[in-house]
Amino acid sequence: MGRWICYICSRVADSLMMLLVLALSCNPSTAAIASPSAPHVKPSYSFGRTFLGLDKCNACIGTSICKKFFKEEIRFDTWLSSHLKLPPSYLLSYSGNYTDDAKSWRMVDITRLTSKYQHDRADKRICTSLLKTKTCSLEHALRRTQRFQKWLRAKRLTPDLVQGLSSPMLRCPSQRLLDRIVRRYAEVPDAGSIYMDHLTDRDKLRLLYTLSVNSHPILLQIFPDVEGWPFPRYLGSCGRLVVSASTRPLRDFFGAAPEVAADLALQLLAVLRSMGTNDLNYFFYFTHVDAGTFGVFSNGHLFIRDASTLGIIDKEEGSHLIDDQQEYKDIFSCLTVDCQSAFVSCNSIGEKHSLVMVCQELLPKLLKGKFLQPVQEKIDSFLQHCADGLADDQGVSGAVAKLAELLKPLRSCDSRFAYRYPDCKYSDKY
């Protein structure tokens, strides 16, 4: 009898064990708890090719920094939230974080060359005007154009290949400037050559597309900050997104303390002076300025944040196109601007051109009501003389020089201005 009871108990225990195993297998969460060896699933950020613009390549900027995005070594600020969602695709720019070692991070700006709406409208224009359809392969359509066929056959980037493009940088092109573009184009392996032999058909289309939409990333590449040019560092592109070192727009400093405003105004005037007179004999001028054109790094150093409205005149070689030749227009001329927009004559640009715009649009907002009388009255008077632009180049330059002399003693020397501190304590320059 006892043996029979033990047998029944053994069978019941086996049945209970089987039920427990079945219960665990039916409840994944319980199974995970019961099995300490189960691997931990790391949350992952997912990119759509559409968000980056990779679905539009090779009608895009480049792919040099895509790996950083997919390896999560570039993160948008919104990724720091618990939702791990990408930001809205309709924004023109984003704040991000960049790392090379997954330990130290630095701020970067992630920008589109134009708004997604303008990109979409330009894509539609390509399809409807070239292939007469609402949708198409952008690369296939652009490859068939007469301009790109000339690019494919060309050994060297010459002025006739860029004539009619809307970029201010290319309105008065010289062969020296175009050679510099090819030699320093950062989306391809560096060949150090002025000839386009190292550019594939894909590379040529990306370069042409970038120059047609917005020359900002090209300027950052061919005039790098490490050589002393006042631009943020170009870090790379992925699809239709550009990554560069982070700056705060000048508009954030319109309410700054008087000594900060004086320092930024002096830096702004110094940048304009360097862009007019430099060792390479290029004359840079703005076709438009606003509160986002200039930016300030965390160390207080002022840079050109948006180079899209910068034109260049080669004082050494001059322009290789006369003005009426620039009237040539095709689909590449109209990707982001009205095809009917008129070009500014190369001969109409003087030294006072950018100074007048800055005196009209930026310096009054930065310096207005910041200082005690009679200093403020003198500042306002010099600004008005400059903004009127009625005098010749020398007259405007003279007013700006007097303004700079007035501002120099108004700035301070302390750790807020890390780009020149503590040097300013031991130098008469400051």
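Residues numbered from 1 in each chain as written. Predicted model: local features only at pLDDT ≥ 70, side-chain atom pairs only at ≥ 80, totals over all residues. Heavy atoms only, no water.

**Observations concerning the pattern of salt bridges**
Then, in step 1: Here the structure, examined in full by the defined rule, presents 27 salt bridges.
Then, in step 2: Across the pair Arg 180 and Glu 227 runs a salt bridge whose closest N-O atoms are separated by 3.6 Å. Remark: Glu 227 occurs in the loop between α11 (216-222) and β4 (234-238) and Arg 180 occurs in helix α9 (residues 175-184); sequence separation between them is 47 residues.
Then, in step 3: Owing to a relative accessible area of 7%, Arg 180 belongs among the buried residues under this scheme.
Then, in step 4: Close ionic contact of Arg 248 with Asp 252 constitutes a salt bridge, the shortest N to O distance being 3.6 Å.
Then, in step 5: Here the salt bridges do not stand alone but share partners, grouping Lys 68, Lys 71, Glu 73, Asp 100 and Arg 106 into one network. (Salt bridge = Lys/Arg side-chain N within 4 Å of Asp/Glu carboxyl O. Helix = DSSP H or I, 4+ residues; strand = E, 2+ residues; numbered from the N terminus. Buried < 20%, exposed > 50% of the residue type's maximum accessible area, 1.4 Å probe, protein only.)

**Concerning the side chain of Arg 420**
Then, in step 1: Within the element layout of this structure, Arg 420 appears in the segment after α16 (393-407).
Then, in step 2: Looking at Arg 420, its side chain comes within polar contact range of the side chain of Tyr 419, at 3.2 Å. (Polar contact = N/O pair within 3.5 Å; in protein donor to acceptor, adjacent residues only side chain to side chain.)

**Observations regarding the sheet that holds strand β5 (residues 241-245)**
Then, in step 1: Here we have 5 strands laid out as an open sheet, ordered β1-β2-β3-β5-β4, and antiparallel in their pairing. Both outer strands of the open sheet, β1 (74-76) and β4, are each paired with one neighbouring strand and no more. For this sheet the average axis-to-axis angle between neighbouring strands, irrespective of direction, equals 30 degrees.
Then, in step 2: Sheet analysis places β1 next to strand β2 (residues 93-98), joined by 3 bridges and oriented antiparallel. Looking at the pairing, Phe 76 lines up with Gly 96 of β2. (Pairing = 2+ DSSP bridges. Axes fitted to C-alpha atoms, helices over the stretch in contact; angles between N-to-C directions.)

**Overview of the packing of helix α12 (residues 258-276) against helix α13 (residues 352-361)**
Then, in step 1: At a closest axis distance of 10 Å, the pairing of α12 and α13 adopts a crossing angle of 160 degrees. One element, α12, and the other, α13, form an angle in the roughly antiparallel class. When the axes of α12 and α13 are compared, the crossing they make is right-handed. Between α12 and α13, the contacting residues are Leu 268, Leu 269 and Leu 272 on the first element and Ser 354, Leu 355 and Val 358 on the second.
Then, in step 2: Residues that form the contact of α12 with α13 fall into these classes: 5 nonpolar, 1 polar and no charged. (Parallel < 35°, antiparallel > 145°, perpendicular 65-115°, else oblique. Left-handed = near helix turned anticlockwise from the far one by under 90°. Contact = heavy atoms within 4.5 Å. Nonpolar A, V, L, I, M, F, W, Y, C, P; charged D, E, K, R; others polar.)

**Structural notes on the nonpolar core**
Then, in step 1: Counting residues in hydrophobic clusters, the biggest one holds 92 residues, and the most contacted among them are Met 169, Phe 223, Phe 294 and Leu 363.
Then, in step 2: The biggest single contributor to this core is α12, with 11 residues.
Then, in step 3: The contacts of Phe 294, once residues within four sequence positions are left out, are Arg 248, Pro 249, Leu 250, Leu 268, Val 271, Leu 272, Phe 286, Leu 302, Phe 303, Ile 304, Arg 305 and Leu 362.
Then, in step 4: Ranked by size, the runner-up nonpolar core spans 16 residues in total, among them Phe 76, Tyr 98, Val 108 and Ile 110. (Core = buried A, V, L, I, M, F, W, Y, C linked by side-chain atoms within 4.5 Å.)

**A look at the sheet that holds strand β8 (residues 294-296)**
Then, in step 1: Here 3 strands make up an open sheet; going across it, the order is β6-β8-β9 and the pairing antiparallel. Every other strand in the sheet has two partners, leaving β6 (248-249) and β9 (302-304) as the edge strands with one partner each.
Then, in step 2: The pairing of β6 with β8 spans 2 bridges and is classified as antiparallel. Within β8, the residue paired with Pro 249 across the bridge is Gly 295.
Then, in step 3: Seen against the sheet, α12 touches β8 and β9 and runs at an angle of roughly 40 degrees to β9.

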